[in-house]
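Examination of the molecular architecture
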Amino acid sequence: MAKTPGREGRSQAPVYYASYLKLDRLLSSQERESERAGAPAHDEMLFIIVHQAYELWFKQILFELDAIEALFDAPNVADRDLGRIVRGLDRIVAILKLLVAQFEVLETMTPLDFLEFRDRLFPASGFQSVQFRQIEARLGLKRQHRLNFDDRPYDSRLAPADREQVVAAEARPDLGALLDRWLARTPFVEHGSFRFREAYRKAVLAMLAEDARTARANLALGEGERRSEAEQLDEAAARFAAIFDEQRHRAMQEAGVWRLSWRALQAAVLINLYRDEPVLQLPFRLLAALMDIDEELTTWRNRHALLVQRMIGMKLGTGGSSGHDYLRAVAERHRVFGDLFALSTFLIPRSRLPALPAELRRAMGFGYAEGAP
Ligand code: HEM
């Protein structure tokens, strides 16, 4: 092949669009089972292409997770890497939004059109998507937290080589664990003589005491309502205790209430409360991006469950699950960053935030304004 000078003056073979993108392989990878059986179903082409498009985007998500892991799995995450980690997470969020929207294209296929070829697919199912399982595992979904629809492990329906890939993904440090490790190292939770949890505890107790006083003085409430209000405040105090008391937190963690470690939990609350301090702005965006991922994935699961109900009603799935019921249940059960959502319970209004010692505020600033007139 003729060589042409490359941009840096090196000689290289000219790049041709179709060969660069391997379009010959990509575009000859849509083979309808219905056509093979001599009864071509028009919509099977859409079904295949939509699934392939999902798998391509899953591949990109895994590629982003590789890069994020390489930066995040360090004993000390470099400050300058945090921006790249957040950008990678934001990209995953953008892809997930697209994946939710993509169901609309598949829904132009009616249930009757689907029936033209559905029976030819048994026992294949999205349940066997290795990349989807890898994404779940890499985010932090543990095998023991999964909902199994029968007594077989969830990966028993995969070919041995595929199962190996899923097991390998489970063995890697997941994003949830890396997040915990990083949060637990947040320096400002204890700084000099400042103990965030003690300052915060005082502010919370003052807020709850005032709420209790207001409830008692509220003559518009009946006796029963006042009692129920008092019970709710007690409950709130008990939940708050997980942040202040390591033993309580451990018990709650063992009971599965919290996944985050005690120190990580405190740091996450600190970041949420003081997110306007310059040094915490990027950590806050990181937590927000993880919540977006959790939310978009849950939306994807719910959207997929609705699509399934629309297509097959109450029928069993081709992979053997109860179909819609199973998918609805995993949408909630397979969430990974639920702790970050639960943190909102612990937020107090800005007006009640304990003031940070001046020296700590200085340590949290960028210092640009220091010389300003
Ligand atoms: C007509 C369209 C679809 C139907 C009727 C359908 C049906 C189902 C059903 C019933 C399940 C539960 C497992 C089973 O018993 O088979 C399932 C799981 C799954 N499907 Fe779909 N699906 C459709 C489209 C898609 C698309 C476009 C994707 C994109 C990749 C997808 C990905 C998945 C995944 C990843 C699972 C596993 C979910 C989990 O276990 O958490 N499905 N599907």
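Coordinates for the structure precede this section.
These lines cover the structure that appears in this document, whether it is placed above or below. Computed from a prediction, not measured in an experiment: that's the story for all the values here. (Residues numbered from 1 in each chain as written. Predicted model: local features only at pLDDT ≥ 70, side-chain atom pairs only at ≥ 80, totals over all residues. Heavy atoms only, no water.)

Let's shift gears to the overall build of the protein chain. Looking only at helices and strands, the protein chain features 18 helices and four strands. Here the C-alpha coordinates of the protein chain stretch approximately 80 × 65 × 35 Å along the principal axes. Put simply, the protein chain has 373 residues, and 41% of those count as buried. Put simply, 73% of the contacts in the protein chain that link residues at least 6 apart link residues at least 24 apart. The protein chain carries 52 positive and 53 negative side-chain charges, and their two centres are separated by 3 Å. (Helix = DSSP H or I, 4+ residues; strand = E, 2+ residues; numbered from the N terminus. Buried < 20%, exposed > 50% of the residue type's maximum accessible area, 1.4 Å probe, protein only. Contact = heavy atoms within 4.5 Å. Lys, Arg positive; Asp, Glu negative; His and termini not counted. Charge placed at Lys NZ, Arg CZ, Asp CG, Glu CD.)

All right, on to the packing of helix α12 (residues 223-244) against helix α14 (residues 262-273) then. The geometry of a pair of packed helices is captured by two quantities: the angle between their axes and the separation between those axes. For the pair α12 and α14, the least separation of the axes is 8 Å and the interaxial angle reads 110°. The angle between α12 and α14 falls in the class roughly perpendicular. Contacts between α12 and α14 involve Ala242, Ile243 and Phe244 from the first element and Trp262, Leu265, Gln266 and Val269 from the second. Its residues assigned to classes, the contact of α12 with α14 shows six nonpolar, one polar and no charged. (Axes fitted to C-alpha atoms, helices over the stretch in contact; angles between N-to-C directions. Parallel < 35°, antiparallel > 145°, perpendicular 65-115°, else oblique. Nonpolar A, V, L, I, M, F, W, Y, C, P; charged D, E, K, R; others polar.)

The immediate surroundings of the ligand are formed by 28 residues, with Ser125, His304, Gly319, Ser321 and Tyr326 found nearest. With respect to the ligand, the side chain of serine 125 contributes an N or O atom lying 2.7 Å from an oxygen atom. In the environment of the ligand, an oxygen atom lies 2.7 Å from a nitrogen or oxygen atom belonging to the side chain of serine 321. Listing elements by their share of the shell around the ligand, those giving two or more residues are α4 (43-72), α8 (130-139), α15 (278-312) and α16 (324-333). Per-element tally for the shell around the ligand: the top contributor is α15, with six residues. Classifying every residue of the shell around the ligand by side-chain character gives 16 nonpolar, 10 polar and two charged. (Near = heavy atom within 4 Å. Polar contact = N/O pair within 3.5 Å; in protein donor to acceptor, adjacent residues only side chain to side chain.)

With 22 residues, α12 extends 32 Å from end C-alpha to end C-alpha; this agrees with the ideal 32 Å at 1.5 Å per step. Among the residues of α12, Leu233, Ala236, Phe240, Ala241, Ala242, Ile243 and Phe244 are the ones counted as buried. The inward-facing, buried residues of α12 contact α11 (196-217), α13 (246-254) and α14. (Expected span 1.5 Å × (residues − 1).)

What follows concerns α11. Because an α-helix packs 3.6 residues into every turn, residues spaced three or four apart end up facing the same way. The end-to-end C-alpha separation of α11 is 32 Å, in line with the 32 Å expected for 22 residues at 1.5 Å each. Looking only at α11, the buried set comprises Phe196, Arg197, Tyr200, Ala203, Val204, Met207, Leu208 and Ala215. Relative to the axis of α11, the buried residues are bounded by an arc of 130° and lie together on one face. Exposed residues on α11 whose side chains face more than 90 degrees from its buried face are Lys202, Arg216 and Ala217. Buried residues along α11 sit in contact with β3 (190-191), β4 (194-195), α12 and α14. (Arc of directions from axis to C-beta.)

What follows is about the coordination of the iron atom of the ligand. A lone protein donor contacts the iron atom of the ligand, and this donor is His304 (NE2), found at 2.1 Å. Here histidine 304 shows up in helix α15. (Donors = N, O, S within 2.8 Å, 3.2 Å for Na, K, Ca; no water.)

A separate point is the nonpolar core. As a rule of thumb, nonpolar side chains are buried together in soluble globular proteins. The biggest cluster of nonpolar side chains holds 95 residues, and the ones touching the most others in it are Phe72, Leu179, Leu183, Tyr200 and Leu286. Not counting residues up to four positions away in its chain, the partners in contact with phenylalanine 72 are Val77, Ile85, Leu175, Leu178, Leu179, Arg181, Trp182 and Leu286. (Core = buried A, V, L, I, M, F, W, Y, C linked by side-chain atoms within 4.5 Å.)

Glancing now at the environment of leucine 306. With respect to the element layout, leucine 306 can be found in helix α15. The class for leucine 306 is partly exposed, based on a relative accessible area of 47%. Along the backbone, leucine 306 and arginine 362 are 56 residues apart, and their C-alpha atoms lie at a distance of 51 Å.

In this section: the environment of glycine 338. Residue position: glycine 338 is located in helix α17 (residues 338-342). It is 21 Å that separates the C-alpha atoms of glycine 338 and aspartate 73, two residues lying 265 residues apart in sequence.

A cis amide bond links phenylalanine 122 with the next residue in sequence, proline 123, at an omega value of -10°. Assignment of secondary structure puts proline 123 in the loop between α7 (111-115) and α8. The backbone of lysine 22 sits at a positive phi, close to 50°, despite the residue not being glycine. Here lysine 22 is to be found in the loop between α1 (17-20) and α2 (23-27).

For the structure shown, the criterion picks out 32 salt bridges. The salt bridge partner of arginine 181 is aspartate 73, with a shortest N-O separation of 2.8 Å. With arginine 181 in helix α10 (residues 175-184) and aspartate 73 in the loop between α4 and α5 (79-101), the pair connects residues that are 108 residues apart, well separated along the chain. For arginine 181, a relative accessible area of 37% puts it in the partly exposed group. Under the relative-accessibility criterion, aspartate 73 is labelled partly exposed at 32%. Residue aspartate 150 is joined to arginine 157 by a salt bridge in which the shortest nitrogen-to-oxygen separation is 2.4 Å. (Salt bridge = Lys/Arg side-chain N within 4 Å of Asp/Glu carboxyl O.)

Our focus in this paragraph is the packing of α12 against α13. Between α12 and α13, the least distance of the axes is 6 Å, while the angle of their chain directions is 105°. In terms of axis orientation, α12 runs roughly perpendicular to α13. Of the residues in α13, those touching α12 at Ala238, Ala241, Ala242 and Phe244 are Glu246, Arg248, His249 and Met252. Residues of the contact of α12 with α13, tallied by class, amount to five nonpolar, one polar and two charged.

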